[in-house]
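# Topology and contacts: notes
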Amino acid sequence: MSSAATANARPANRLLQLAEEFADALTSRVSRVVNLTTPFSAIAAGSDTKGRVSIAVTDALLRQLSIPLTVNGTRRLLLFVKIQCCWDRSSDYLAVDQSFIHVRIADKYRDEPLFRYEFLREPTPAVPAAHLQVHGHRDEFVYLLLTGDTPRGRRRVVKDSVARLAEFHFPLGGHRFRPCLEDVLEALANEFGIDVKDGWREAIREGREEWRRMQLRAAVRDAPRDVAEVLRSMGYEVIDPAEPPADRLDRLQSF
Amino acid sequence: MATATSMSHEELLQRRQELLDQVHMTYEELRDRALAYTLRPEERDVYEAVRSIDYLLRD
């Protein structure tokens, strides 16, 4: 999610204003798909000097709640969505710093998720920025996680921790091409048959289109010369600036 | 609660302690149980809140 700032960068409360718009958009989108009794809210520390905000379904005590999902009217799943935002490099836009989309069985004695979609804008080297972790059991995965001579494997040996399938981070397209919340919601509807509202597909499609257009705009900034070349091939007239910006190799090459 | 709330450093620290008091655990106990996936849903809600407060307060 990203919202354009209108005036000078980082005025007082600007971060909170952008975060509020983001939280409201999440509430609007999700509540068009499933029953949402508590809205998304944003919390920031003090003024916007730290430039961080946390957005989730939050109650008056500040607890960050999961969204109950039903199947045929029975509560079956819990969807947890948390998005931590910060200023982008230019301090003009709200950038996603970390995001967490977790799906659990609705059982008070089972906390382990079924799967987790996560994004870390600044991940550690061995972890892909956008990744999926599946919580399950498969002996071959555990064997291979223990067999390979990798930094993560060596750390596991040092810590004497048990390898799990959930420790495998399936990469999901890096910073720009990762899935959105709408993708997860549609998968839950298609695969698990969660109860959805009339018109939910339209809400999903609108949200996904909005997400992909936004990510496309960000991706354009990563490789503007490639974009200009494609546009010229389509008949557009594109004039190079006097000082073309460099490609963002950190985004194009990162895991 | 309001859609967007700004809290001072002190308010967040106080709220963090109140959250931990609700579940009668230290942060370390809560974290260890979270990592072992042995939290109840209401404890998970608190854990996520405390983690977010720590994120907001991080230097």
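Residues numbered from 1 in each chain as written. Chains lettered and ligands numbered in written order. Predicted model: local features only at pLDDT ≥ 70, side-chain atom pairs only at ≥ 80, totals over all residues.

### Side note on the overall build of chain A
- Regarding its fold elements, chain A presents seven helices and eight strands.
- When its C-alpha atoms are laid out on the principal axes, chain A stretches across 60 × 50 × 40 Å.
- Each of the 255 residues in chain A was classed as buried or not, and the buried ones make up 30%.
- Counted over contacts in chain A with a minimum sequence separation of 6, partners at least 24 positions apart contribute 57%. (Helix = DSSP H or I, 4+ residues; strand = E, 2+ residues; numbered from the N terminus. Buried ≥ 20, exposed ≤ 12 C-beta atoms within 10 Å, placed from the backbone. Contact = placed C-beta atoms within 7 Å.)

### Observations regarding the pairing of strand β5 (residues 94–105) of chain A
All names here are of chain A.
- One ladder, built from eleven bridges, connects strand β4 (residues 74–87) with β5; its direction is antiparallel. Bridge assignment links Val81 to a residue of β5, and that residue is Ile101.
- The antiparallel pairing of β4 with β5 creates a hairpin that spans six residues between the two strands, and Ser91 there sits at a positive phi of about 60°.
- Judged from the six bridges that link them, β5 and strand β6 (residues 115–120) form a sheet pairing that is antiparallel. Opposite Phe100, over in β6, you have Glu118 as the bridge partner. (Pairing = 2+ DSSP bridges.)

### As for the interface of chain B and chain A
- Residue-level contacts link 26 residues of chain B with 29 residues of chain A.
- Counting only elements with at least two residues in the side of chain B that touches chain A, the list comes to β1 (4–7), α1 (9–23) and α3 (41–57) of chain B.
- Sorting elements by how many residues they give to the side of chain B that touches chain A places α3 of chain B first, with ten residues.
- Here the side of chain B that touches chain A is built from residues that sort into 14 nonpolar, seven polar and five charged.
- Here strand β1 (residues 40–45) of chain A pairs with β1 of chain B via four bridges, running parallel. What sits directly across from Ala44 of chain A, in β1 of chain B, is Ser6 of chain B. (Nonpolar A, V, L, I, M, F, W, Y, C, P; charged D, E, K, R; others polar.)

### Comments concerning the pairing of strand β2 (residues 52–57) of chain A
Residues and elements named next belong to chain A.
- Counting buried positions along β2 gives six out of six residues, so the element sits mostly inside the fold.
- Bridge count between β1 and β2: five bridges; the pairing is antiparallel. Paired with Ala44 across the two strands is Val53, which belongs to β2.
- Bridge analysis of β2 against β4 gives five bridges, and the strand direction is antiparallel. By the bridge assignment for β4, Val53 is matched with Cys85.

### So, helix α4 (residues 181–192) of chain A
Residue and element names in this part refer to chain A.
- Helix length check: α4 (twelve residues) gives 16 Å between terminal C-alpha atoms against 16 Å at 1.5 Å per residue, within 8%.
- Those residues of α4 that fall on the buried side of the exposure criterion are Leu181, Glu182, Leu185, Glu186 and Leu188. Across the axial projection of α4, the buried residues extend over an arc of 155°, all falling on one side. The outward face of α4, more than 90 degrees from its buried face, is lined by the exposed residues Asn190 and Glu191.
- Lining the buried residues of α4 we find β3 (67–71), β4, β5 and α5 (200–222).
- Of the residues trailing α4, Gly193 is marked for its positive phi of about 70°. (Expected span 1.5 Å × (residues − 1). Arc of directions from axis to C-beta.)

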